[in-house]
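# Inside the fold
Residue-level listing of the chains:
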Amino acid sequence: MAFTQMTIEQFEALVKNYNWKRKINAVHMHHTWRPNHAQYRGHATIQAMWRFHTQVNGWSDIAQHITIAPDGTIWTGRAWNTPPASAAGHNGNSSAGPFMFEIIGDFDTGKDPFRGPQRETVLRVIVALQKRFGLAPETLRFHNQMSPKSCPGTAINYQAFLNEVRDLHAAPAARAADGGEEGGPDWELIAAVSNERSFADPADAEPQEHGTEEFFYEAESRGRSGMDVAARGGGDIDLTETVLDFLRPHVINLNQGQFSDGGKFQSDGGQVRAIFEQHLTQAVEDAEREGKLPLRIVFYAHGGLVSESNALRMAFTHIQWWKANRELNRQGGGKNYSVYPLYFVWETGFFETLGQLLSRIRLRGRRAVRDVFDFTTDPVIEMASRTLQGPTIWGGMKFSADLASRPEGGARVVAEMLAEFCSRDEIRGKVELHAVGHSAGSIFHAHFIPAVQKVLEDKPETGLTGFKEVHFLAPAIRVDQFENLLGNRIGNGQAIERLTMYTMRRDVERADHCAQVYRKSLLYLIYHALERDPRTPILGLEESLWKDPDLRRLFGLTGGGSPGEVIWSPSPSEEGRSASRSRTHGGFDNDAPTMNSILRRVCGLDDNDPIHSFPEKRERSLNEWEGQVDWPEELAFMSEAPGDRDGGQEGGPGIGPFRGEAGARSVTGTRRALCVGIDEYPTAPLGGCVADARLWRETLARHRFAEIQTLFNGEATRGAILDRLRALIAASRAGDVVVFQFAGHGTQARDMTGDEADGDTPGLDEAICPHDFGDGRLLIDDDLAEVFRSAPAGVGITCFIDCCHSGTITRFAVGGPTGAASGEKARYLKLTPEQMAAHVRFRRGLGRSRATTHRGPQEMREVVFSACRSDEVALESNGNGHFTVRATRVLQMGADGITNQEFYRRVLEAFGPAPRQHPVLDCSPASQEFLLLAPVAGGTPASPASPSSTPSTAGSPPRADGASGDLEALSRALRAAADALQRP
């Protein structure tokens, strides 16, 4: 569940601009007790509370309307027009009641301090609400006044705190903030506090003070967020009865083409009829009353690689997002529109059967680079898949899609009810039809859309001929089937007025994989092995599009107007009507740019119209294959890390220990990190560095980092940073990974060792500025290099440096600063003569007179990603560094199996076509091709594959070290496949 963070100024503007439908008559103040300050982990903590409240307590949503963090920022929570779960008998109703907030912390005597920005925000929140509703200061209620609890903490005296509230009431009013960039309301924040996942909970709903202790303690002890602990049984959303009730007006569940009467969610004619006669009818009435016609009905069909439970979870996330955008629009943001999503959850059985198929292919062999698989293991998988009845399995899934739209099929019943609904006098001309199909969902819609067109033709009084917009995401439909079913139905007056396809470029498609077994995307497995005839053209493959002249014309690939369009992923931009950034076949329905693009097109919005963005999701380490099937033991080794199989010894069947080659997953050693952020400099303070460090901490936690230490502001002295780094390095062993992240000021200082000199000209050391830099205690490149040289062999070291003059922060740099744009801050400090003199004294006091040997890139043990070139400035604005925002976003979109060079390319690409700063990758040449955040072999870079190791023909598999698919491995795989056929 996604929540949004805001400042107190944004909150105050939001209170003023929000469309309150519920009168606030009191303000209720709670503390969380658990999590306390030390346990706070940003967004993950709020998600953990939401999971505890919804999955353990059984409430519809998180208890509180907002949560106030230790740094004084505010997290959204329950919908503001919904009663809270605050205290039994005091929760109010949908007409009037309290506004409830929780403060992160344990404020019992002797525990967390209640002071600084957090206390200031609490006071301003109370006063903003009381002034908005004309309430007296005494309408502030502590939890302990309504219940026998210590909440909000025994250290907070009500009367003394109430006096502070009174004083703030009496203080001169500050200029009110508007909340929007142009002086208007912040529509995205308005949507975030207007979510429709909240319902009226029992009148006695009340947070228990000590019930969450074990929940959050377990999360801490495992080094994971409470969200992960709650979800460790599988999936991100617990399918409680409340969640299923929320889905009932929007989901139609089918099994083998018929309404499903089993599983977690049942559909029948009565449930579907209620959708049209009750829920859709009400939606049309609401849209007409609000002046937002036509109502856009969006039919969604997921792919074949989705289990019922995961399809329901996905629908829950999608529908909340559609509703958040509807609420944003109701509040007056942008153009008028209304949307009603309807999701087909069709249980295909394909994934489970395909998993059984692949489990019978016992293919062993060493890892290899990408091209080798094309000639070795992938053809074996394709051959075995065909031999083991893969086309029959795939054909059965497609037949399920066909059955649904045949007479008496569940989708056909939906089509008939839709035509009946649209022909009613009070509905006629007030709806518009749209469809979205992901992967095999395109096959489902290829049957459903003609079925809808047929029933609409039989009821011309509807005034509809078909669908306004259809969107296919990585469509898995055969080209000939697409052309037969839909090819002549696209264009004005046809079944589809406009078709948009989102799919990957050929090289990205080939870089995908299927559960680490098949080393290309699922579309290629279908293309080569799962259709009746090998190399059957598939609509979502780029090469199939270019080979077919009709498709080139349909999608405008040769220029000219056309009713179709292709959006290639990854697109140059992350925003707008033509954005898509998925790099996996199964990732399109999880990709924010893709989903936001669909919304803009469905709703007729321009690139700049405000929307509630699709929530960013955690990466899927095995893409869409993870969590769908309990993979059998025979397949476990295919997704293991190198070195985990067969003892992992050099010369054995495995690739050898800790080899970091492209195409293989990293080993499962311990991952440790130090995240440093400094805003509170004595001079030239910054505003986004601590937020950067927290964002990195949260991002790294999602990438299986078990130990993440932090140093913020005054904690981040030179000595503390070096001590923490040395301890992390000392605790590491071969196979481990260490990350150092820094956000703050950078500078250049006089070189005292001679390694940076140019002839007779004194050189400059690159340096980062710890909090105590004013005493000369800079952290120079030599310091970091010395620490990293002490790392044991086989430890991977990666640095993310967001400051100026950090282009080669652990080695050397040249160049000077440039200016920053108005309204932004540059993370660079020019040392004063006094500070430079202090630096010289400090370095001389260390007693190191010998010159450090100049290091070229080939000697580097570490991999360094930094914010900008040495002749540029690293910028921050809107509370974060520009580099950090883009780099963490790339990681969050999924970074398993990519090289350092590829990660650098993606981050650079994220800055757009005209970047004002250019990130830098500094490492040994060989390390560029190592996997991101992976250890290295024996402490030395893995040798790049020589040209002779690349196969020239399919019949000549390579024997180069590290390549999978030698003749012995191929022979074993073929014998295993043959043996499998002999089994009953």
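Cut-off values and rules
- Residues numbered from 1 in each chain as written.
- Predicted model: local features only at pLDDT ≥ 70, side-chain atom pairs only at ≥ 80, totals over all residues.
- Heavy atoms only, no water.
- Helix = DSSP H or I, 4+ residues; strand = E, 2+ residues; numbered from the N terminus.
- Buried < 20%, exposed > 50% of the residue type's maximum accessible area, 1.4 Å probe, protein only.
- Contact = heavy atoms within 4.5 Å.
- Areas by Shrake-Rupley, 256 points an atom, 1.4 Å probe, with all protein chains shown as cover.
- Pairing = 2+ DSSP bridges.
- Core = buried A, V, L, I, M, F, W, Y, C linked by side-chain atoms within 4.5 Å.
- Expected span 1.5 Å × (residues − 1).
- Axes fitted to C-alpha atoms, helices over the stretch in contact; angles between N-to-C directions.
- Left-handed = near helix turned anticlockwise from the far one by under 90°.
- Nonpolar A, V, L, I, M, F, W, Y, C, P; charged D, E, K, R; others polar.
- pLDDT = per-residue confidence, 0-100.
- Polar contact = N/O pair within 3.5 Å; in protein donor to acceptor, adjacent residues only side chain to side chain.
- Salt bridge = Lys/Arg side-chain N within 4 Å of Asp/Glu carboxyl O.
- Phe/Tyr/Trp six-rings, centres within 6.5 Å; stacked < 30°, edge-to-face > 60°.
- Lys NZ or Arg CZ within 6 Å of the ring centre and 35° of its normal.

### Focus on the overall build of the protein
Within the protein, the secondary structure is distributed over 30 helices and 26 strands. The buried share among the 984 residues of the protein stands at 61%. Nonlocal contacts in the protein, meaning residues at least 24 apart in sequence, comprise 76% of its contacts between residues at least 6 apart. If you sum the accessible surface of the protein, you get close to 36,300 Å²; carbon and sulfur atoms cover 48% of it.

### Remarks on the pairing of strand β17 (residues 737-743)
The element β17 is largely enclosed, with a buried count of seven among its seven residues. Alternating residues of β17 divide into Val 737, Val 739, Gln 741 and Ala 743 and Val 738, Phe 740 and Phe 742, and every residue in both groups is buried. With seven bridges joining them, strand β15 (residues 671-677) and β17 adopt parallel strand pairing. Paired with Arg 671 across the two strands is Val 737, which belongs to β17. As paired strands, β17 and strand β21 (residues 796-802) are joined by seven bridges and run parallel to one another.

### Here we look at the nonpolar core
Formed by 77 residues in total, the largest nonpolar core has its most connected members in Ile 297, Phe 299, Phe 444, Phe 448, Phe 482 and Phe 555. With sequence-adjacent residues up to four places away left out, Phe 555 is seen in contact with Leu 499, Met 501, Leu 539, Leu 545, Ser 562, Gly 564, Glu 565 and Val 566.

### What about the sheet that holds strand β25 (residues 880-881)?
On the basis of which strands lie adjacent, the open sheet formed by three strands has the order β22-β24-β25 and antiparallel pairing. Two strands close off the open sheet at either side, each with one partner strand: β22 (825-826) and β25.

### A word on helix α10 (residues 308-330)
Under the 1.5 Å per step criterion, the end-to-end length of α10 is 32 Å for 23 residues, consistent within 8% with the ideal 33 Å. Most of α10 sits out of view: 21 of its 23 residues are buried.

### Notes on the pairing of strand β16 (residues 707-712)
Relative to β16, β15 is paired through six bridges, and the arrangement is parallel. Directly across from Val 676, in β16, lies its bridge partner Leu 711.

### Overview of the environment of Ala 451
Take Ala 451: it is sitting in helix α16 (residues 441-457). With near-sequence residues (within four places) excluded, Ala 451 lies in contact with Ser 405, Arg 412 and Ala 415.

### Quick notes on the packing of helix α15 (residues 410-422) against α16
The axes of two packed helices give the description: the angle between them and the distance between them. Orientation of α15 relative to α16, taken along the N-to-C sense of each, is 35°, at an axis distance of 9 Å. Where α15 crosses over α16, the handedness of that crossing is right-handed. Residues Ala 411, Arg 412, Val 414, Ala 415, Glu 416, Leu 418 and Ala 419 of α15 lie in contact with α16, whose contacting residues are Phe 444, Phe 448, Ala 451, Val 452, Lys 454, Val 455 and Leu 456. For the contact of α15 with α16, the per-class residue count stands at eleven nonpolar, no polar and three charged.

### Here we look at the confidence of the model for the protein
In the predicted model, the protein carries a mean pLDDT of 79, and the fraction of residues at 70 or more is 76%. Contacts of residues 358-372 to residues separated by more than four positions or lying in other chains number 77 contacts, the stretch itself having pLDDT below 50. Across residues 811-822, where pLDDT falls below 50, the model places 33 contacts with residues more than four positions away in sequence or in other chains.

### What to know about the side chain of Asp 106
Structurally, Asp 106 can be placed in the loop between β5 (96-103) and α3 (116-132). Among the polar contacts listed, one links the side chain of Asp 106 to the side chain of Arg 34, at a separation of 3.3 Å. Those residues in contact with Asp 106 that lie beyond four places of it in its chain are His 31, Trp 33, Arg 34, Asn 36, Lys 111 and Asp 112.

### A look at the pattern of salt bridges
Summed over all chains, the structure comprises 46 salt bridges. With a closest N to O distance of 2.3 Å, Arg 553 and Asp 550 form a salt bridge. Of this pair, Arg 553 and Asp 550 both sit in helix α21 (residues 549-554), three residues apart, which is roughly one turn of the helix. Salt-bridge contacts for Asp 783 lead to Arg 718; the nearest nitrogen and oxygen are separated by 3.2 Å. With Asp 783 in helix α26 (residues 781-789) and Arg 718 in helix α25 (residues 718-731), this residue pair connects regions lying 65 residues apart in the sequence.

### Remarks on the packing of aromatic side chains
A full pass over the atoms with the stated rule returns 31 aromatic pairs. On the basis of an interplanar angle of 75° and a centroid distance of 5.1 Å, the ring pair of Phe 246 and Phe 316 is categorised as edge-to-face. Here the residue Phe 246 occupies a position in helix α8 (residues 241-247), and Phe 316 occupies one in helix α10, the gap between them amounting to 70 residues. Given a relative accessible area of 6%, Phe 246 falls into the buried group. Given the relative accessible area of 5%, Phe 316 is considered buried. Residues Trp 321 and Trp 322 carry aromatic rings whose centres are separated by 4.9 Å and whose planes lie at 50° to one another, so their mutual orientation is tilted. In this pair, the class of Trp 321 matches that of Trp 322, namely buried. Through successive ring pairs, a cluster of aromatic residues spans Phe 11, Tyr 18, Trp 20, Trp 80, Phe 99 and Phe 133. It is Arg 248 that lies over the ring of Phe 265; its NZ or CZ is 5.0 Å from the centre. For the cation-ring pair, Arg 886 lies above Phe 911, with the distance from its terminal atom to the ring centre recorded as 4.5 Å.

### Let's talk about the sheet that holds β17
In space, the six strands of this open sheet follow the order β16-β15-β17-β21-β23-β26, with mixed pairing throughout. If you trace the sheet from one side to the other, it starts and ends with β16 and β26 (920-922), each paired once. Strand-to-strand twist across the sheet, computed as the mean angle between neighbouring axes with direction ignored, equals 10°. The sheet contact formed by strand β23 (residues 862-866) and β26 spans three bridges and is antiparallel. Its bridge partner being in β26, Val 864 is matched across the sheet by Asp 922. Across the sheet, helix α24 (residues 689-701) is in contact with β15, β16, β17 and β21; its angle to β15 comes to roughly 165°.

### Regarding α24
The end-to-end C-alpha separation of α24 is 18 Å, in line with the 18 Å expected for 13 residues at 1.5 Å each. The complete set of buried residues in α24 reads Cys 689, Val 690, Asp 692, Ala 693, Trp 696, Arg 697, Glu 698, Thr 699 and Leu 700.

### Considering the environment of Leu 239
Structurally, Leu 239 can be placed in the loop between α7 (226-230) and α8. It is 8.1 Å that separates the C-alpha atoms of Leu 239 and Lys 264, two residues lying 25 residues apart in sequence.

### Regarding unusual backbone geometry
Comment: phi is negative for the bulk of residues other than glycine, and the bulk of peptide bonds are trans. Between Arg 34 and the following residue, Pro 35, the backbone shows a cis peptide bond with an omega angle of 15°. The linkage connecting Leu 293 with the following residue, Pro 294, adopts the cis geometry, with an omega of 0°. Following the sequence through the fold, Pro 294 ends up in the loop between α9 (269-289) and β9 (295-301). Non-glycine residue Ala 684 carries a positive phi angle of around 50°. Backbone geometry places Leu 933, a non-glycine residue, at a positive phi of 55°. Here Leu 933 is to be found in the loop between β26 and α30 (967-982).

### Comments concerning the environment of Gly 493
Within the fold, Gly 493 resides in the loop between α17 (479-485) and β13 (496-504). C-alpha of Gly 493 to C-alpha of Lys 468: the two residues are 25 residues apart in sequence and 9.6 Å apart in space.

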